[in-house]
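Inside the fold
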Amino acid sequence: MTKTVLNVIKGNQGSGKTDRLREIASQKPGRYLFACPTIELAEEQEARAKEEKLIPYIRGLHSGRKTKGGVFDQLIALKDEINASHAHAVVFITHETLVANRFDDFKGWSVMIDEAPSTLHSGQVQAGATFDMVMEGLVAGGSNNGWTHYTMSGVAANKPRHNDLSADAAKFLKEAERPTGVFIDDAALKAHNAFRWFSFWSPTYLSAFNDIYISASNYTGSLGYRAMAHFFPDKFDLVETDVSRPRIGQPSIEIRYFSDSHTGSTSFWDKKDGSKAIVEVTDYIVKHTPDLEFWSANSNVEKRFRGRLGGEYISPLAMGLNKFRDKTKCAFIFSAKYTPGDSPIIDVTDITAGDITEARETEAIRQFIMRGAIRNSDYTGPYLIYLYEKPQAEAIQRHLTNSGYTNAVVTNVGTPVISAITRKMATLVEKSDEEILAKRKNASAARSKRNDDKKFVEKWARKAITSGYGQFANFTGVELKGWQTKRDELIPYIDKAIPILRTGSKMPRLKDL
């Protein structure tokens, strides 16, 4: 089997990874798709490529352009035009177009992916009466540790779905209809009602392209790569090129945070204490940094910041943007921690709850803070960062130190109101990493043991009834052949269950005996 070769351009943030992709495209004539995380970044890269004037034909194609028809349909038509008329061309698209479609017809082209697409999704569908409708058209593939890979048949993917499907079912179907499909929990699926699922996008589905290039500072640490390496280890080879640049100057970085008594989350910030905390955060920034230059937040916090904070709002997932390279003051009040909905992926891979928080929340913060002046390797001035909580501030301080920054300090600027909030970090599912994962697995193991013990007690109690015995001690040595002494602790339960089952009653829970 021929493996897909993934050419990864890695390096520290601001080292020119995306520039290296454009350089390859300009120096190696051919036809390229260039996929960027957002429309804004796709337009930025398109403009820079046109300024360089090294590639004869350059186009941008995404939903931000007012044109007729779907983006991918237009891309197919443009591909045919380029194949007929242009030997050297680049088309800039977004990650959404890349992960949502099949590219089997792009033989002879190459693809460049700026940053690893964030495409790990999971959830649970309570299908009920709509189960058959939800599952219609799904085709089973290979299985792995009790999870089966399903893809949607072409006919089913084009059929309209019932408007009354739940939001969970609609999310599931959106992922199922992607080329990469979904993984479904076999045990849950047998119930023909509710089931757990997860999905991820893998560049191994791009094997039609001549070459695949990916630029990312930490591609092998991304959730998509980790899932791909688990499920498809024999389908790809990784070739890495490091373009890291050493720092020339050392800025003075201050990371201010507001809470060391609790962690934030979107649900918490919608509650009474969380709302009070956001008011305190807003008031502090307005008073102490009225000249804030750029900021971002979860959508429910963003609404409360607008009109009060200075500077420009940018998307929370602002990968690769360069227009803020002269800015020195920023704020990012954000949470994207592990939640119980993420459990399917950690149940079947070696990805942990901590890995999910690291890849989703901490990586987003890293990307955000590196939009500003510290992105420039020669910058030596001050740089101010606002974050919500102490663990975030300390994680970013470690990241900066590991990236060659020697002067990054952490400062607690929390107010008495925020400090008085008693929502403990230890009670948060999203905080725990390995502790919560271990707790959940221990609880699951305990439930399994209780069920096994109950079945065992019932089996022996019914044996006693069949043999006309009133208690376990009546069994002979021959009848007890194979009995394991570790089960001796269950003998009192067997004796208590015998008279109950003899009356025709159902087997009770052991704790009720």
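Each residue is numbered by its place in its chain's sequence as written, counting from 1. Given that the model is predicted, a residue must reach a pLDDT of at least 70 before its local features are reported, and side-chain atom pairs must reach 80 or more before they are shown or counted; all residues, however, enter totals for whole chains, interfaces and linings. Values shown for side chains rest on all heavy atoms present in the structure; no hydrogens or waters enter the calculation.

1. Focus: the packing of helix α14 (residues 353–369) against helix α15 (residues 390–402)
Basically, it comes down to this: Helix axes are fitted to C-alpha atoms over the stretch in contact, other axes to C-alpha atoms as well, and angles between N-to-C directions run from 0 to 180 degrees. By the criteria applied, helices consist of DSSP H or I runs no shorter than four residues and strands consist of E runs no shorter than two, each listed in order from the N terminus. Here the angle decides the label: under 35 degrees means roughly parallel, over 145 means roughly antiparallel, 65 to 115 means roughly perpendicular, and every other value means oblique. Crossing handedness is defined as follows: a turn of the near helix away from the far one that is anticlockwise and smaller than a right angle gives a left-handed crossing, while the clockwise case is right-handed. We call two residues contacting when some pair of their heavy atoms lies within 4.5 Å. Note on residue categories: nonpolar means Ala, Val, Leu, Ile, Met, Phe, Trp, Tyr, Cys or Pro, charged means Asp, Glu, Lys or Arg, and polar means any other residue, Gly included.
Between α14 and α15, the shortest axis-to-axis distance is 10 Å and the interhelical angle comes to 60°. As judged from the angle between their axes, α14 and α15 are oblique. Helix-helix and strand crossings are classified by hand; for α14 and α15 the assignment is right-handed. The residues of α15 that touch α14, namely those facing Glu 361, Thr 362, Ile 365, Arg 366 and Ile 369, are Gln 392, Ala 395, Ile 396, His 399 and Leu 400. Of the residues assigned to the contact of α14 with α15, the class counts are five nonpolar, three polar and two charged.

2. Thoughts on the pairing of strand β16 (residues 329–333)
Selection rule: Buried residues are those whose accessible area, probed at 1.4 Å on protein chains only, stays under 20% of the maximum for their type, while exposed residues exceed 50% and partly exposed ones sit between those limits. Only when DSSP finds a minimum of two bridges between them are two strands counted as paired.
With four of five residues buried, β16 is to be regarded as a mostly interior element. Of the pairings in the sheet, the one linking strand β14 (residues 294–297) to β16 comprises four bridges and is parallel in character. Note on β16: the bridge partner recorded for Phe 294 is Cys 330. Judged from the three bridges that link them, β16 and strand β17 (residues 382–389) form a sheet pairing that is parallel. Looking at the pairing, Lys 329 lines up with Leu 384 of β17.

3. Describing the pattern of salt bridges
Here is the rule we go by: When a carboxyl oxygen of Asp or Glu lies within 4 Å of a side-chain nitrogen of Lys or Arg, that pair is called a salt bridge.
Overall, the coordinates contain 34 salt bridges when judged by the stated rule. When the shortest N-O distance is used, the salt bridge between Asp 19 and Arg 48 registers 3.5 Å. Pair noted here: Asp 19 is in helix α1 (residues 17–27) and Arg 48 is in helix α2 (residues 39–52), with a separation of 29 residues, a long-range link. By relative accessible area, which is 25% here, Arg 48 ends up partly exposed. Note that Arg 196 is salt-bridged to Asp 185, the shortest N-O span being 3.4 Å. Of this pair, Arg 196 sits in strand β10 (residues 194–199) while Asp 185 sits in strand β9 (residues 182–185); the two residues are 11 residues apart in sequence, bridging distant segments of the chain. By the burial criterion, Arg 196 is buried, and Asp 185 matches it. Through salt bridges with shared partners, one network takes in Asp 19, Arg 22, Arg 48 and Glu 52.

4. Considering the sheet that holds strand β2 (residues 31–36)
Strand pairing in a sheet is mediated by backbone hydrogen bonds. Such pairs are either parallel or antiparallel. Taken in spatial order, the seven strands of this open sheet run β3-β4-β2-β5-β11-β1-β12, and their pairing is parallel. In this open sheet, the two strands that pair with only one neighbour each are β3 (57–60) and β12 (236–242). Across this sheet, the average inter-strand angle for adjacent strands is 20°, counted without regard to direction. The pairing of strand β1 (residues 4–10) with β12 spans seven bridges and is parallel. From the neighbouring strand, Lys 10 faces β12, where its bridge partner is Asp 242.

5. Topic: the packing of α1 against α2
Running from amino to carboxyl end, α1 crosses α2 at an angle of 50°, the nearest separation of the two axes being 11 Å. With respect to their mutual orientation, α1 and α2 come out oblique. Crossing handedness for the pair α1 and α2: right-handed. Taken together, the residues of α2 that come into contact with α1 (itself represented by Thr 18, Asp 19 and Arg 22) are Gln 45, Arg 48, Ala 49 and Glu 52.

6. Topic: the sheet that holds β10
The strand order β6-β10-β9-β8-β7 describes an open sheet built from five strands, whose pairing is antiparallel. Only two strands of the sheet have a single neighbouring strand rather than two, namely β6 (121–126) and β7 (138–144). Within the sheet, the average angular offset between the axes of one strand and its neighbour, ignoring direction, is 30°. Relative to β10, β9 runs antiparallel, the two sharing two bridges. If you follow Ile 184 over to β10, its bridge partner there is Trp 197. Packing of helix α7 (residues 167–176) onto the sheet brings it into contact with β6, β7, β8 (147–152), β9 and β10, and relative to β6 it is tilted by some 130°.

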